[in-house]
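# Structural features, examined
The lines below spell out each chain.
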Amino acid sequence: MAVKIRLARHGAKKRPYYRVVVADGRMPRDGRYIEEVGRYNPLTEPKTIQLDLEKIDEWISKGAQPSNTVAHLIDIARSGAPAPEKKQKLSKKAQAKAAEAREAAEAAAAEAADQGEE
């Protein structure tokens, strides 16, 4: 039996909330699990990571494999540092709008400097 430590998604549509669970690898993502070992809420500021590291270590010693995401959450929980924030990527329209605003601000600054010299 391949045991995995992974996230099980809960919460409403577009409002994710995750449980960190120990489950058989053949079970569905949100299906039956063996034990819940933590919780992760990415929507709070800062992100909430609650893990029972003793239970996780116990399961890993028994051969359970953490997923990449859970391994990253474990590293963050052990270090005590807050979860790093991802940079928001702007859409092409938003980038163009920001560039126009920047150019307008530069032009206004140059115009104000020219009027100040005269």
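This text goes with the structure placed above it.
Residues numbered from 1 in each chain as written. Predicted model: local features only at pLDDT ≥ 70, side-chain atom pairs only at ≥ 80, totals over all residues. Heavy atoms only, no water.

### Comments concerning the pairing of strand β3 (residues 35–41)
The side chains of a regular strand alternate, first on one face of the sheet and then on the other. Spelled out, the test is: DSSP calls a pair of strands paired once it identifies at least 2 bridges connecting them. Helical segments are the DSSP runs of H or I of at least four residues, strand segments are the runs of E of at least two, and each set is numbered from the N terminus.
Of the strand pairs in this sheet, strand β2 (residues 15–24) and β3 are connected by five bridges, and their pairing is antiparallel. When the bridges of β3 are listed, Val 22 appears paired with Glu 35. Looking at chain direction, β3 and strand β4 (residues 48–51) are connected through four bridges and run antiparallel. Note on β4: the bridge partner recorded for Tyr 40 is Ile 49. Where β3 folds back on β4, the antiparallel hairpin that results is connected by six residues.

### Some thoughts on the pattern of salt bridges
Inclusion rule: Salt bridges are defined by distance alone: a side-chain nitrogen of Lys or Arg within 4 Å of a carboxyl oxygen of Asp or Glu. Here the term buried applies to any residue with accessible area under 20% of the maximum for its type, exposed to any over 50%, and partly exposed to those in between, with areas from a 1.4 Å probe on protein chains only.
Inspection of the entire model under this criterion finds seven salt bridges. Among the salt bridges present, the one from Arg 26 reaches Asp 24, with a minimum N-O distance of 2.9 Å. For Arg 26, a relative accessible area of 67% puts it in the exposed group. One continuous salt-bridge network, built from bridges that share partners, spans Arg 19, Glu 36 and Arg 39.

### Examining the sheet that holds strand β1 (residues 3–12)
Here is the rule: Two residues form a contact once any of their heavy atoms are found within 4.5 Å. Helix axes are fitted to C-alpha atoms over the stretch in contact, other axes to C-alpha atoms as well, and angles between N-to-C directions run from 0 to 180 degrees.
Sheet architecture is open: five strands sit in the order β4-β3-β2-β1-β5, paired in mixed fashion. Looking along the sheet, the strands with just one partner apiece sit at the ends: β4 and β5 (65–66). On top of the sheet, helix α2 (residues 68–79) reaches β1, β2, β3, β4 and β5; it is set at about 90° to β4, its chief contact.

### Observations concerning the side chain of Arg 6
What counts is decided by this rule: Positive charges come from Lys and Arg alone, negative charges from Asp and Glu alone, with His and the N- and C-terminal ends not counted. Any N or O atom pair separated by 3.5 Å or less is treated as a polar contact, with the protein-specific requirement of one donor-capable and one acceptor-capable atom, and with residues adjacent in sequence counted only for side-chain atom pairs.
Turning to its location among the elements, Arg 6 is positioned in strand β1. For the buried Arg 6, which has no salt bridge, the nearest side chain bearing the opposite charge is Asp 24, at an N-O separation of 7.1 Å. A distance of 3.3 Å separates the side chain of Arg 6 from the backbone oxygen of Pro 28, its partner in a polar contact. The contacts of Arg 6, once residues within four sequence positions are left out, are Arg 19, Val 20, Val 21, Ala 23, Asp 24, Gly 25, Met 27, Pro 28, Arg 29, Ser 67 and Val 70.

### Here's the deal with α2
Along an α-helix, residues three or four apart share an orientation, since each turn contains 3.6 residues. Quick reminder of the rule: A helix is expected to span 1.5 Å for every residue after the first. An arc is given here, and it is the one of the directions from the helix axis to the C-beta atoms.
Compared with an ideal rise of 1.5 Å per residue, which puts 12 residues at 16 Å, α2 spans 17 Å between its outermost C-alpha atoms and is within 8% of the ideal. Taken residue by residue, α2 has Val 70, Leu 73, Ile 74 and Ile 76 as its buried positions. All buried residues of α2 fall inside an arc of 165° around its axis, so they share one side. Opposite the packed face of α2, turned more than 90 degrees from it, sit the exposed residues Asn 68 and Ser 79. Against β1, β2, β3, β4, α1 (53–61) and β5 lie the buried residues of α2. Looking at the residues trailing α2, positive phi occurs at Gly 80, about 80°.

### A word on the nonpolar core
Counted only if it meets this: The definition of a nonpolar core used throughout is a set of buried Ala, Val, Leu, Ile, Met, Phe, Trp, Tyr and Cys residues joined through side-chain atoms within 4.5 Å.
Among the nonpolar cores identified, the biggest contains 15 residues, and Ile 5, Val 20, Val 37 and Trp 59 are the most heavily contacted of them. Each residue touching Val 20, except ones within four places of it in the same chain, is listed here: Ile 5, Arg 6, Leu 7, Glu 35, Glu 36, Val 37, Gly 38, Arg 39, Leu 51 and Val 70.

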